[in-house]
Amino acid sequence: MWPFLKYLFQLILSPSRGWEDLSHDSPDPDALLQKGYYPLTGIAAATQFLKLIYNYDATISSVLRMAIIIFCTFFVAAFIGKALLEFFIPRQIDGQMSVKRTSTLNVMSLAVLVLIVVIASCVPGNLIISFFAVLPVYSVLIFYKASKYMAIRPDCETKFLCLGLSSILLVPLFLYWILKLILG
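Residues numbered from 1 in each chain as written. Predicted model: local features only at pLDDT ≥ 70, side-chain atom pairs only at ≥ 80, totals over all residues. Heavy atoms only, no water.

## Remarks on unusual backbone geometry
The backbone of Ser 26 sits at a positive phi, close to 50°, despite the residue not being glycine. With respect to the element layout, Ser 26 can be found in the loop between helix H2 (15–25) and helix H3 (29–46). The phi angle at Ala 151 is positive, at roughly 60°, despite the residue not being glycine. Tracing the chain through its elements places Ala 151 in the loop between helix H7 (126–144) and helix H8 (157–183). (Helix = DSSP H or I, 4+ residues; strand = E, 2+ residues; numbered from the N terminus.)

## Topic: the environment of Gln 10
One can find Gln 10 in helix H1 (residues 2–13). By relative accessible area, Gln 10 is classed as partly exposed at 24%. Along the sequence, Gln 10 and Glu 20 sit ten residues apart, while their C-alpha atoms lie 9.9 Å from each other. Setting aside anything within four residues of it in sequence, one finds Gln 10 in contact with Pro 15, Gly 18 and Asp 21. (Buried < 20%, exposed > 50% of the residue type's maximum accessible area, 1.4 Å probe, protein only. Contact = heavy atoms within 4.5 Å.)

## Brief notes about the pattern of salt bridges
Throughout the structure, instances matching the rule amount to five salt bridges. With its nearest N and O atoms 3.8 Å apart, the salt bridge here joins Lys 6 to Asp 25. Taken together, the positions of Lys 6 in helix H1 and Asp 25 in helix H2 put the pair 19 residues apart, joining distant regions of the chain. Three or more residues are tied together by salt bridges with common partners; here these are Arg 17, Glu 20 and Asp 21. (Salt bridge = Lys/Arg side-chain N within 4 Å of Asp/Glu carboxyl O.)

## What about the packing of H1 against H3?
Close contact between H1 and H3 brings their axes to 8 Å; oriented N to C, the two are set at 70°. One element, H1, and the other, H3, form an angle in the roughly perpendicular class. Touching Phe 4, Tyr 7 and Leu 8 of H1 are Leu 32, Gly 36, Tyr 37 and Leu 40, all from H3. Here the contact of H1 with H3 is built from residues that sort into six nonpolar, one polar and no charged. (Axes fitted to C-alpha atoms, helices over the stretch in contact; angles between N-to-C directions. Parallel < 35°, antiparallel > 145°, perpendicular 65-115°, else oblique. Nonpolar A, V, L, I, M, F, W, Y, C, P; charged D, E, K, R; others polar.)

## Describing the packing of H1 against H2
For the pair H1 and H2, interaxial distance at closest approach is 5 Å and the crossing angle is 145°. The chirality of how H1 crosses H2 is left-handed. Residues Lys 6, Tyr 7, Gln 10, Leu 11, Ile 12 and Leu 13 of H1 touch H2, and the partners they reach there are Pro 15, Gly 18, Trp 19, Asp 21, Leu 22 and Asp 25. (Left-handed = near helix turned anticlockwise from the far one by under 90°.)

Here it is, written out as structure tokens:
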């Protein structure tokens with residue numbers, strides 16, 4: 001999990017440099033997924049139980065439902081996001097698409113959102129929520145900075161940004177909304 005966290009914090013602190021390091025090191029995306037993303041998703045679900053400490057209205061059943069929703073949202077989003085990227089990216093790049101890089105892009109971009117959920121769950125207060133509402137947009141910026149990493153053609157960078165917005169931000173939000181309706 002430590003290499004995964006190292007890459008994650010590099011991407012957060014300096015997205016361009018983080019993608020360069022990922023390009024240089026070329027980590028296995030399946031290892032990033034299994035040893036980093038899934039455990040981080042489990043931590044995001046587990047941090048929902050902190051609401052029992054600082055939120056007097058929280059009940060065990062409501063927190064458990066939210067933990068299930070969070071875990072399922074990001075678990076499924078990893079598969080849908082990867083499928084979307086593998087479908088749309090080949091039209092936007094120079095040369096042959098690298099499935100390994102596409103998978104890494106998906107895992108690391110979604111991991112930024114999961115980390116935001118972990119931090120937001122650990123911090124009580126309504127003022128902080130407005131601050132954390134802005135951070136998901138930063139995950140799209142991190143995605144966009146991967147355009148060089150993915151060899152996106154200059155004329156397709158806007159499409160690449162829209163792809164990031166939909167696969168990295170809108171897919172988890174849609175899944176969260178659907179699961180919230182079902183498990184409510």
